[in-house]
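The chain contents come next:
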Amino acid sequence: MTLSRLTIHELHEKLTSKEISAVELAKEHLHRIETIDTDVKAYLKVTADVALAQAEAVDKMIANGEKIAPLAGIPMALKDNMCTEGIETTCASKMLENFKPQYDAAVVEKLHSNHGVMLGKVNMDEFAMGSTTENSAYFATKNPWNFDCVPGGSSGGSAAAVAADLAVYSLGSDTGGSIRQPAAFCGLVGLKPTYGAVSRYGLIAFASSLDQIGPLTKDVTDAALVMNAIAGHDHRDSTSANIAFPDYTAALDGSVQGMRIGIPEEYFGEGIDPEVEAQVRAAAAKLEELGAVVEVCSLPHTRYAMPAYYLIAPAEASSNLGRYDGVRYGLRANAKDVIGMFKETRNQGFGDEVKRRIMLGTYGLSSGYYDAYYLKALKVRNLIKQDFDAAFAKYDCLITPTAPTTALVKGQNQDPLALYKGDICTIPSNLAGIPALSLPYGLDSKQMPVGVQLLGKAFGEPQLLKVAYALEQNTDLTKLKPNQGKGL
Amino acid sequence: MDYEVVIGCEVHVELKTKTKIFCNCPTDFGGAPNTHVCPVCLGLPGTLPVLNKKVLEYAIKAGLATNCEIAEYSKFDRKNYFYPDLTKAYQISQFDLPICKNGYVEINVGGKTKKIGLTRIHMEEDAGKLVHQGATITSATGSLADYNRAGVPLIEIVSEPDLRSAEEVLAFLTNLKAIIEYTGVSDAKMEQGSLRCDVNISLRPFGQEEFGTRAEIKNLNSFRAVERVINYEIDRQTDILEDGGQVVQETRTWDEGKGVTLSLRSKEDSDEYRYFPDPDLTPLVIDRAWVEELRSSLPEMPMAKRKRLIEEEGLPEYDAGVITSSKVLAEFYDGVRAHYGDAKKTSNWIMGELLARVNAEGIELEDIKVKPEHLAALLTVLDKGEINGKIAKEVFAEMFNTGKEPESIIKEKGLVQISDEGAIVAIVDEVLANNPKSVEDYRAGKKQAMGFLVGQVMKASKGQANPGVVNKLLAERLEQ
Amino acid sequence: MITKEVVEKVAKLSRLELTEEEVAVHAEQLNKILETMDILKQIDTDGIEPLAHVLPIQNVLREDEVGECMPREKVLSNAPEQADGMFQVPKIV
């Protein structure tokens, strides 16, 4: 049993009991990255020096008898769209190939103040646009369960790193499912918090009204521990909620007795793999068995979520990505005048999917189309939110598939529209701003993990963690490790 | 054919806050390039804006001072376009829900009062500055971007197309500038760029209802430029229309040196700003009690003050206009009047001595050293006859240069007027003894010799002798 | 239906230079994507407020207090080209 397989809470005990040292733990991970990541290709940048210095500091604290935070000394990986001062932050784009941010993201500050150990920055779809991590401008990441499959995306590097034990946990970002879908594809717990729960300051924006940072972890307890460290109000983010944030571990009591859980029928329609559906229904049945009240319910506007999302997100992205113009940072192409420089820089710097979304977003915002597309999408967004409001008046939590299928096969994902349709289960919660958690629940017949998604009302993370924890405690289906030899 | 000119203005006013609109960087002028910059105003990836409360307060004050409705609900939008002085490729501005709308500014032209409508006032951020490496933007080999000004708060005040002549535009701008200055939300100085003006000009045949096609001339930074641009455009557009042509809707720029406007870009390129609500900023719901609090904090506005000076103080319209055109002058006037009773004399001294010296020295009104209560004291001793008018001007010059009180200047320089007959008689006798020819002339009937003798006595007394007493004593002696 | 001209206009607004081939590809893809958006027309959204912000947060304001700026070397640390403490760009026109 290697140390790298363990969870945050297991390792925290070993650190505080001085059974292991933080440096030893960091070194084991760095060694594993050196030997295994050549296959998995999760990391864009390994920050060994930073990790070892941070680990040493934690060892000193332990030696001095100081009480350490649950994340102290625990090696982690950051999705490469979170700014790290002086350390390359590329968004997996040629545009930001050598960009070393002048400041740390709010979540990075928080992890530092919790004495986390940063192993490096991990791969993603360029600017978080995609669901396979094949849109990285540098290389594709493999699914540790089966190297022929994608790890999902856009936080595919995060998911692959944790699933391959190349980091104990990772922070991803989720705009339309980018934490949950890769977590599902790689057999991990992935949590997209309520919009406003985690500061976006320093998260390189894709779609500002939808983006949210969250954890990818090996179990539910770890997700709660990471949330305790990263959630909270930040005056630098105007959309950050100024509320009292709970201790997320307090919800982990293992009981769902009397909880009301809805199964929205719209999430089980066309396109959902029957094997996935079977696992989700099995999870619902398990919850009923554990004492929850489980009922079929309806979110009638679900089918409009995908089109609304693919108007809103690209529109915001087209504006957010305007700043990559070659003037202040990042790639600069040569040209005889400024307009030529803008165009050439953006042509060379952005990949196809990014260009496609910029085009789509620009179109939707341009005069003559705004009302029919963007404004209409915002109204539909309201209807989708109202659906959830009505559902959460009756239910504590909803259960759905995380993705219509298990991990997709690599190199067969050229049709953008087919990929967009793969986001149908995850998108509505981003539009409504509500929290959503993906929990592994068994394997399909290809021996790939299936993700079950739990949806809660705004700031209802404790309920989601409670339900997920109950499933974790009462089945063997949630703690899964790649073991069939096609990957690791 | 005779055409009627129709003009609307868009005025950008830089707000006098300590920090930028969305970050904590200072707004001070004069820093070395790129030293008043942080990750937020540099538009670094991942940064987010947070609104400066003072900007909202100042925008509301400007709206209240110009009779606007203050929005119950307002929001920020992104105006998307690419330019190297813009760090995010969008300007955070306000589109469909500006903070203020439906206001007006009164102007007085040719003895008639007219209300110029204000469509809206909205908040936005300024862009950075480009330094062109060459004589002009067109001949430059490259440009350098300095982002110290990026994110400085602005309000844009948009007028209705209610203006009909250059004279009206100047009156509008003068009054608007004064109002803004009175509220204290901006220095409102065109020369320093804290007030900039775009004008939209079109022509239509007299009697025609619908407007003609307009040209927009951007970024005018002096009253003189505004006047010249309007006259130039009237001529240019008249020529086009008389030749049977059509005015193109476009943005033009003013070439100060050549005295012409030049086409910058046509409409189709410019209006695709793809506005949408900025997701990084939360909506504004404006508390009515706060609005009322701000309303009651506003000082008396220039038009009201002007009216008061005419009606209650009895000043001529011209005087009232000059004094109220600047907050500093108006406050100075009130400051003098608080200690001194004569309105017209106060106005004469402010418009005469004070403004003449300000103009001659080329200083700003804010930098006047004279205190109003000191001018009041000077006028009081003048009225009492303790000094004469000539001395008073001398004392004032010293007050203007040093800011000292008149009493101490008078004392230090021994300038108190001598009215004591005994003291003056001695000087008179001496002057008469030294000028026998003039005495003879006077006695021979050349009465004008008197003036010369008075002058000699005043000179001998270093101007301190009371001229009345001098006249009386001289006449007595000469008639003997 | 998005024409080649519309794609070219949108590319220009986005400051992207597309080859003729790319214009054709984008036109085809955008049309396919926008077709799926057409189902939005089926919903009656009269009287529904557009939802730009999911959380009911409003009036987030900060005090007008001066904070720290970045040292200039840091401001310019990622500049592709610089001169005299400023960001150098090619000529504007």
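See the structure printed just above.
Scope of this entry: the structure provided in the associated data block. Within each chain, residue numbers correspond to sequence positions counted from 1 in written order. Just so you know, chain letters begin at A and ligand numbers begin at 1, following the order they were written in. Where totals are concerned, whole chains, interfaces and linings use all residues; where local detail is concerned, this predicted model gives features only for residues with pLDDT of at least 70, and gives and counts side-chain atom pairs only at 80 or more. The basis for the side-chain values is all heavy atoms of the structure; hydrogens and waters are excluded.

## Section: the overall build of chain A
Helix numbering and strand numbering both begin at the N terminus, where a helix is a DSSP run of H or I of at least 4 residues and a strand a DSSP run of E of at least 2. Across its full length, chain A carries 15 helices and 11 strands. In this setup the radius of gyration rests on C-alpha atoms only. A globule is expected at 2.2 Å times the number of residues raised to 0.38. A compact globule built from 488 residues should have a C-alpha radius of gyration of about 23 Å, and chain A, at 21 Å, falls within 12% of that. Taken along its principal axes, the extent of the C-alpha atoms in chain A is 65 × 50 × 45 Å. The buried label goes to any residue with under 20% of its type's maximum accessible area, the exposed label to any with over 50%, and the partly exposed label to all in between, with areas taken from a 1.4 Å probe on protein chains only. Scored against the burial criterion, the 488 residues of chain A give a buried share of 69%. For chain A, long-range pairs separated by at least 24 residues make up 76% of all intrachain contacts whose partners lie at least 6 apart in sequence. Per-residue and other accessible areas follow the Shrake-Rupley method at a 1.4 Å probe size, with only the shown protein chains counted as cover for residues. When the accessible surface of chain A is summed, it comes to about 14,400 Å², and 49% of that surface belongs to carbon and sulfur atoms. Only four residue types enter the tally: Lys and Arg on the positive side, Asp and Glu on the negative side, with His and both chain ends excluded. In plain terms, the charge of a residue is placed at NZ if it is Lys, CZ if Arg, CG if Asp and CD if Glu. Taking the average place of the 46 positive charges on the side chains of chain A and the average place of its 56 negative ones, the gap between the two points comes to 4 Å. In what follows, residue pairs with any heavy atoms lying within 4.5 Å of each other are defined as contacts.

## A few points about the overall build of chain C
Scanning chain C for helices and strands turns up three helices and three strands. Starting at the N terminus, the α and β elements of chain C follow one another as α-α-β-α-β-β. Here the C-alpha radius of gyration of chain C, 23 Å, is well above what a compact globule of 93 residues would show, namely 12 Å. Reported as C-alpha extents along the three principal axes, the dimensions of chain C are approximately 55 × 45 × 20 Å. In chain C, which comprises 93 residues, the share counted as buried stands at 47%. Looking at chain C as shown, the accessible area adds up to about 5,200 Å², and 48% of this sits on carbon and sulfur atoms. Between the mean site of the 10 positive side-chain charges and the mean site of the 19 negative ones, chain C shows a separation of 5 Å.

## Quick look at the interface of chain C and chain B
The interface is formed by 35 residues belonging to chain C together with 54 residues belonging to chain B. Accessible area that two parts lose when put together, with a 1.4 Å probe and added across both, is what the buried area reports. With both chains or domains summed, chain C and chain B bury close to 3,600 Å², and 61% of this area falls on carbon and sulfur atoms. Per-residue buried area on chain C facing chain B is highest for Arg62, Asp64 and Ile92 of chain C; these three make up 20% of the total on that side. Salt bridges are identified by distance alone: a Lys or Arg side-chain nitrogen within 4 Å of an Asp or Glu carboxyl oxygen. Ionic pairing is found between Glu272 of chain B and Lys9 of chain C, a salt bridge with its closest N-O pair at 2.8 Å. Secondary structure elements with two or more residues in the side of chain C that touches chain B: helix 1 (4-13), strand 1 (61-62), helix 3 (72-75) and strand 3 (86-90) of chain C. For this scheme, ten residues count as nonpolar: Ala, Val, Leu, Ile, Met, Phe, Trp, Tyr, Cys and Pro. Four count as charged, namely Asp, Glu, Lys and Arg, and the remainder, Gly too, count as polar. Across the side of chain C that touches chain B, the residue classes tally to 17 nonpolar, seven polar and 11 charged.

## Thoughts on the pattern of salt bridges
All names here are of chain B. One pass over the full model with this rule turns up 65 salt bridges over all chains. The closest approach of N and O atoms between Glu14 and Arg149, which form a salt bridge, is 2.8 Å. Here Glu14 is found in strand 1 (residues 3-14), whereas its partner Arg149 is found in the loop between strand 10 (142-146) and strand 11 (153-159), with 135 residues between them in sequence. Taken as a pair, Glu14 and Arg149 share a single burial class, namely buried. For Asp383, the salt bridge identified is with Lys345, shortest N-O distance 2.6 Å.

## Topic: the interface of chain C and chain A
With 48 residues of chain C in contact, the opposing surface of chain A contributes 64 residues. A buried area of about 5,200 Å², summed over both sides, lies between chain C and chain A, and 68% of it is on carbon and sulfur atoms. One can count three salt bridges joining chain C with chain A. Notably, a salt bridge pairs Glu17 of chain C with Lys343 of chain A, separated by 3.9 Å at the nearest N-O pair. Polar contacts, as used here, are pairs of N or O atoms within 3.5 Å; protein pairs need one atom able to donate a hydrogen and one able to accept it. Residues neighboring in sequence count only if both atoms are side-chain atoms. Seen at the junction of chain C and chain A, the total is 17 residue pairs in polar contact (both at pLDDT 80 or more). Every element with two or more residues in the side of chain C that touches chain A is listed here: helix 1, helix 2 (20-37), helix 3 and strand 3 of chain C. A total of eight residues in the side of chain C that touches chain A trace back to one element, the largest contributor, which is helix 2 of chain C. Grouping the constituent residues of the side of chain C that touches chain A by class yields 31 nonpolar, nine polar and eight charged.

## Topic: the sheet that holds strand 3 (residues 117-122) of chain A
All names here are of chain A. Spatial ordering of the open sheet is given by 1-3-2-4-6-5-10-11-9-7-8, a layout of 11 strands whose pairing is mixed. Of all the strands in the sheet, just strand 1 (43-46) and strand 8 (293-297) have a single pairing partner and so form its edges. Each strand of the sheet is rotated relative to its neighbour by a mean of 30 degrees, with strand direction disregarded. When DSSP locates at least two bridges between a pair of strands, those strands are taken to pair. Pairing analysis gives three bridges linking strand 1 to strand 3, with the strands arranged antiparallel. Bridging across to strand 3, Val46 finds its partner in Gly120. Sheet strands in contact with helix 3 (residues 48-63) are strand 1 and strand 3, and its direction is about 160 degrees off that of strand 3. Axes here refer to lines fitted to C-alpha atoms; in helices the fit is confined to the stretch in contact. Angles between the N-to-C directions go from 0 to 180 degrees.

## Quick word on unusual backbone geometry
That bond from Gly153 of chain A to Ser154 of chain A is cis: its omega, 10 degrees, falls within 30 degrees of zero. If you trace the backbone, Ser154 of chain A turns up in the loop between strand 3 and helix 5 (156-163). A positive phi angle is found at Asn34 of chain B, which is not glycine, with a value near 60 degrees. Here Asn34 of chain B lies in the loop between strand 1 and strand 2 (51-52). Residue class for Asn34 of chain B comes out buried when judged on its relative accessible area of 0%. In the Ramachandran plot, Asn219 of chain B falls in the positive-phi region, its phi being about 60 degrees despite a non-glycine side chain. With respect to the element layout, Asn219 of chain B can be found in strand 13 (residues 215-220).

## Considering the pairing of strand 7 (residues 100-109) of chain B
Residues and elements named next belong to chain B. Sheet topology note: the strand 3 (residues 69-70)/strand 7 ladder contains two bridges and is antiparallel. Bridging across to strand 7, Ile70 finds its partner in Cys100. Two elements, strand 7 and strand 8 (residues 112-125), share nine bridges in a ladder whose sense is antiparallel. Counterpart to Val109 in the pairing with strand 8 is Lys112. If you look at the hairpin formed by strand 7 and strand 8, you'll find two residues sitting between the two strands, and Gly110 has a positive phi there, around 60 degrees.

## Details of the environment of Gly190 of chain A
All names here are of chain A. Turning to its location among the elements, Gly190 is positioned in strand 5 (residues 189-192). Each C-alpha atom of the pair Gly190 and Glu56 lies 29 Å from the other, and the pair is 134 residues apart in sequence. Not counting residues within four places of it along the chain, the set of residues in contact with Gly190 comprises Ile179, Arg180, Ala183, Pro215, Leu216, Ala436, Leu437 and Ser438.

## Observations regarding the packing of aromatic side chains
Within 6.5 Å between ring centres, the rings of Phe, Tyr and Trp (the latter by its six-membered ring) count as paired, and their orientation is classed by plane angle as stacked under 30 degrees, edge-to-face over 60, tilted in between. Here the structure, examined in full by the defined rule, presents 23 aromatic pairs over all chains. With a centroid separation of 5.9 Å and 50 degrees between ring planes, the pair formed by Phe342 of chain A and Phe82 of chain B is classed as tilted. Remark: Phe82 of chain B occurs in the loop between strand 5 (77-80) and strand 6 (90-93) and Phe342 of chain A occurs in helix 10 (residues 338-349); the pair is interchain, linking two chains. The same class applies to Phe342 of chain A and to Phe82 of chain B, which are both buried. The interplanar angle of 70 degrees and the centroid separation of 5.7 Å between the aromatic rings of Trp349 of chain B and Phe396 of chain B together place this pair among those described as edge-to-face. On the criterion of sequence distance, the pair formed by Trp349 of chain B in helix 9 (residues 343-361) and Phe396 of chain B in helix 11 (residues 389-402) is long-range, its members being 47 residues apart. Note on accessibility: Trp349 of chain B and Phe396 of chain B belong to one class, buried. Here a set of aromatic residues connected by ring pairs shows up, and it is made of Phe99, Phe127, Tyr324, Tyr329 and Phe350 of chain A. Of note, Lys41 of chain A hangs over the ring of Phe139 of chain A, and the distance from its end group to the ring centre comes to 4.9 Å. Lysine NZ or arginine CZ positioned within 6 Å of the ring centre and within 35 degrees of the ring normal marks a charge as sitting over the ring. The ring of Phe268 of chain A carries Arg281 of chain A above its face, with NZ or CZ at 4.3 Å from the centroid.

## A look at a negative patch on the surface
Residue and element names in this part refer to chain B. Candidate patch residues must exceed 30% relative accessible area and have no salt bridge, after which like charges are joined if within 9 Å and Val, Leu, Ile, Met, Phe, Trp or Tyr side chains if within 5 Å. Together, Asp2, Asp235, Asp239, Glu242 and Asp243 make up a negatively charged patch on the protein surface. Counting through the fold element by element, Asp239 comes out in helix 3 (residues 223-242). Assessed through its relative accessible area of 47%, Asp239 is described here as partly exposed.

## A look at the sheet that holds strand 6 of chain B
Residue and element names in this part refer to chain B. Within the open sheet, the three strands sit side by side as 6-5-16. Their pairing is antiparallel. Whereas interior strands pair on both sides, the edge strands pair on one side only; in this sheet they are strand 6 and strand 16 (276-277). Inspection of the sheet shows strand 5 paired to strand 6 by four bridges, in the antiparallel sense. Bridging across to strand 6, Lys79 finds its partner in Gln91.

## Considering the packing of helix 9 of chain B against helix 11 of chain B
All names here are of chain B. Contact geometry of helix 9 with helix 11 gives a least axis separation of 11 Å together with a crossing angle of 45 degrees. Judged by the angle between their axes, helix 9 and helix 11 are oblique. Crossing hand, helix 9 versus helix 11: right-handed. Packed against helix 9, whose contacting residues are Trp349, Glu353, Leu354, Arg357, Val358 and Glu361, the element helix 11 presents Ala392, Lys393, Phe396, Ala397 and Phe400 at the interface. Residue composition of the contact of helix 9 with helix 11, grouped by class: seven nonpolar, no polar and four charged. Roughly parallel refers to an angle under 35 degrees, roughly antiparallel to one over 145, roughly perpendicular to one between 65 and 115, and oblique to any angle outside these ranges. When the near helix sits turned anticlockwise from the far one by under a right angle, the crossing is termed left-handed; a clockwise turn instead gives a right-handed crossing.

As far as function goes, none of this settles anything; it's purely spatial.
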